[in-house]
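Topology and contacts: notes
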Amino acid sequence: MRIIKELNKRVNELVKDLDFDEELSIVTSARPDLGDFQINNSMNLAKKFQKNPREIAESIVKELEKDEALKDINIAGPGFINFSLTDEFLEEVINRISDNIENNIDKVSSKKIIMDYGGANVSKALHVGHLRSANIGEALKRLARLLGCNVISDAHLGDFGRPLGLVILEIKKRFPDLEFFNENYEGDYNNIDLPITNADLEEIYPYASAKAKEDETYLEEAREITLKLQKHEKGYYELWQKIIGISKEDIKKVYDELNVDFDLWEGESDAAEYIEDTIKVFEDKNLVKESEGAKIIEVKKEDDKLPMPPLLLVKSNETVSYETTDLATIYERMKKFNPDEIWYLTDERQTLHFEQVFRAARLGEIVNNNTVLEFIPFGTMNGKDGKPFKTRDGGVMTLKELMQLIYVETDKRINEEIVEENKREQTAKDIAISSLKFADLLPFRRTDYVFDPDKFADLDGKTGAYLLYSTIRIKSLLNKAEGIDYEKITKISGAADRKIMLMLLEMPKVLEKAYSVKSLNDICEYVYNLIATYNSFYAENKIITCPDKDLQTSWLALSSVVYKTVILLLDILGMNIPEKM
Ligand code: ARG
């Protein structure tokens, strides 16, 4: 169990006979010169019992003094209680963490959660929005699992909507003789060679999409093809499968590089077989209305302050919308997994979409009453001009381009004396990705931030590169100490090592808060502060040459707990640590 919680219990047990009818709460001291911890309840209790706060504080102190694990118990100001842990007790609890890092983690929940944080669109290049959903989602998945949840992650690829209709149409224009378009073709579609690479697809989509904006007939043709696709029409469906194959391979590669993985690689198309049933649920409940040839569901509530348009279930041209696909996906997920919660990560611009979908899902009762549907939006990554980050010519920056920019900055900083030439590229890649990921997780999830590769790659500062470098340095210290038996901490030298130990005790609270607000920023700050504090301790103390053996082994044992903790935290953040840098 979390040690501070244990301490809380212990203290409240001690003061039980004072009959406060209020839990005392122990907080880490903001004034370490006065003590490790504070108890600030006296003022409130004084009001409640119409007594002098100091009197209350004194009565508490009298009880605390009975506990041999506590020392330097004092009252400051009108009634603030400060106290510290004895060295023996502090050593004991840190050694417990060293034995098993799980002793510093509080399981918070055992819920079954489906996390939907992929959303890459087949045949379209991934962009920065996909980086953010994948990065934040992956970290939330790792965190939730660590805290006891049963998480199922799903890539939920965008693979069945109009973009695919556009791509197929453009392929048809360029290669009209492909057998996929020959209604009379009797052969095996598998044997047909598609003269198209992923790079071609990434060129075709923007071309077709731009063309459809200017050319109404082209757009109409694309709609028709989308419908053919959604109806699994011969030839079109098989061509689509080929396209999916090519594109998915590339998407997987990018997610792999980002250290992001999914349990399920479902796509919108997998929900397609549930669309009919889903629509029927709404029809049976009389929730579907006709409007200008389309089928809609009203999701407005009386007290809505903002406009809430109806959800478009089936368009007048019979194709289904993104909303319908999401409804069918909920239907499918409930049937297959019956989760306690479903989390969706996309940028804020999809707020209305999810609000409509969630409302409709509740109206149609396709989710259990107690299943939580949670939209977890995030802010945008901006350029230095404060606007969403673009390429130099104003286009959308692809994720690959973005990764390249940070790679270039990272490579400049590679220390050639340490990293062998043949490992340079991989090392630079690992550091670059970790730096990008850290920079992306550092601001509160909903806050926009500025993309600054030069700053992100800096080896000095609140950066992924700094964290990796420091972690590798602790590892190399521990390697150097091989042969020294440093299992336990038996001595505390002063304020610096004590501060690190107290910081370690804070970890469970940090993890729990991150889980509850679904943002990784506090974990980023925490791991940075822990490392920075450790680094100043490291700079002050010559561990390897320390003549006091008790102190040396204690310092090494502490370094090892810090190392294990940092590894655990960087793993939550999905950051890979290179061998050397
Ligand atoms: N493919 C979508 C996009 O790129 C994101 C999908 C998010 N997940 C969902 N179930 N709607 O915007």
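Now for a look at the structure at hand.

About the cut-offs
Residues numbered from 1 in each chain as written. Predicted model: local features only at pLDDT ≥ 70, side-chain atom pairs only at ≥ 80, totals over all residues. Heavy atoms only, no water. Helix = DSSP H or I, 4+ residues; strand = E, 2+ residues; numbered from the N terminus. Buried < 20%, exposed > 50% of the residue type's maximum accessible area, 1.4 Å probe, protein only. Contact = heavy atoms within 4.5 Å. Areas by Shrake-Rupley, 256 points an atom, 1.4 Å probe, with all protein chains shown as cover. Lys, Arg positive; Asp, Glu negative; His and termini not counted. Charge placed at Lys NZ, Arg CZ, Asp CG, Glu CD. Near = heavy atom within 4 Å. Polar contact = N/O pair within 3.5 Å; in protein donor to acceptor, adjacent residues only side chain to side chain. Pairing = 2+ DSSP bridges. Right-handed = clockwise from strand over helix to strand, strands pointing away. Axes fitted to C-alpha atoms, helices over the stretch in contact; angles between N-to-C directions. Expected span 1.5 Å × (residues − 1). Salt bridge = Lys/Arg side-chain N within 4 Å of Asp/Glu carboxyl O.

**Some words on the overall build of the protein**
Along the protein, the regular secondary structure elements total 21 helices and 13 strands. Along the first, second and third principal axes, the C-alpha set of the protein runs to 90 × 65 × 45 Å. Taking all 581 residues of the protein together, 53% fall into the buried category. Sequence-distant contacts in the protein: of pairs separated by 6 or more residues, those separated by 24 or more amount to 73%. Approximately 27100 Å² of the protein is accessible, and the part contributed by carbon and sulfur atoms is 48%. Side-chain charges of the protein comprise 79 positive and 106 negative groups, with the mean position of each set lying 3 Å from the other.

**A look at the site of the ligand**
Around the ligand sit Asp 116, Gly 119, Asn 121, His 130, His 156, Tyr 322, Asp 326, Tyr 344, Thr 346, Gln 350 and Phe 354, and that is every residue in its neighbourhood. Here Asn 121 contributes a side-chain N or O atom positioned 2.8 Å from a nitrogen atom of the ligand. Of all the elements in the fold, those that place two or more residues in the shell around the ligand are helix H12 (322-337) and strand E10 (341-347).

**Focus: the pairing of strand E5 (residues 112-116)**
In terms of burial, E5 is largely enclosed, as four of its five residues are buried. Pairing geometry for E5 and strand E6 (residues 150-154), over five bridges, is parallel. Note that in E6 the partner of Met 115 across the bridge is Ser 153. Where the polypeptide runs from E5 across helix H5 (residues 128-146) and back to E6, its parallel neighbour, the crossover connection is right-handed. Pairing geometry for E5 and E10, over four bridges, is parallel. Bridged to Asp 116 within E10 is Tyr 344.

**With respect to the side chain of Thr 371**
Considering the arrangement of structural elements, one finds Thr 371 in the loop between helix H13 (351-363) and strand E11 (372-378). On the basis of relative accessibility, which here comes to 2%, the residue Thr 371 falls in the buried class. Apart from the residues lying within four places of it in its own chain, the contact partners of Thr 371 are Met 334, Pro 339, Asp 340, Glu 341 and Arg 362.

**Some remarks on the sheet that holds strand E7 (residues 288-291)**
Sheet architecture is open: three strands sit in the order E7-E8-E9, paired in antiparallel fashion. Lying at the two open borders of the sheet, with one neighbouring strand each, are E7 and strand E9 (311-314). Strand-to-strand twist across the sheet, computed as the mean angle between neighbouring axes with direction ignored, equals 45°. Bridging between strand E8 (residues 294-297) and E9 involves three bridges; their strand directions are antiparallel. Within E9, the position partnered with Ile 296 by the bridge is Leu 312.

**Notes on helix H4 (residues 87-99)**
Residues that lie three or four places apart on an α-helix share one face, since the helix turns once every 3.6 residues. An ideal rise of 1.5 Å per residue puts 18 Å on 13 residues; H4 measures up with 18 Å between its terminal C-alpha atoms. Phe 89, Leu 90, Glu 91, Val 93, Ile 94, Asn 95, Ile 97 and Ser 98 are the residues of H4 that are buried. Where H4 is buried, its residues contact helix H1 (3-14), strand E4 (80-85), helix H18 (495-505) and helix H21 (549-572).

**A look at the pattern of salt bridges**
Working definition: two side chains of opposite charge can pair if their charged atoms are close together. Overall, the coordinates contain 58 salt bridges when judged by the stated rule. The shortest N-O distance in the salt bridge between Glu 22 and Lys 48 comes to 3.8 Å. With Glu 22 in the loop between H1 and strand E1 (26-28) and Lys 48 in helix H2 (residues 42-49), the pair connects residues that are 26 residues apart, well separated along the chain. For the salt bridge of Arg 359 with Glu 355, the shortest nitrogen-to-oxygen distance reads 2.8 Å. You can see Arg 359 and its partner Glu 355 sitting in helix H13, four residues apart, about one turn around the helix. Assessed through its relative accessible area of 30%, Glu 355 is described here as partly exposed. A single network of salt bridges, built from pairs that share partners, joins Glu 138, Lys 141, Arg 142, Asp 261 and Asp 571.

**Comments concerning unusual backbone geometry**
We note that Asp 72 has phi near 50°; this positive angle belongs to a residue other than glycine. You can see Asp 72 is positioned in strand E3 (residues 70-76). Not every positive phi belongs to a glycine, and His 156 is a case in point at roughly 40°. Here His 156 lies in the loop between E6 and helix H6 (162-174).

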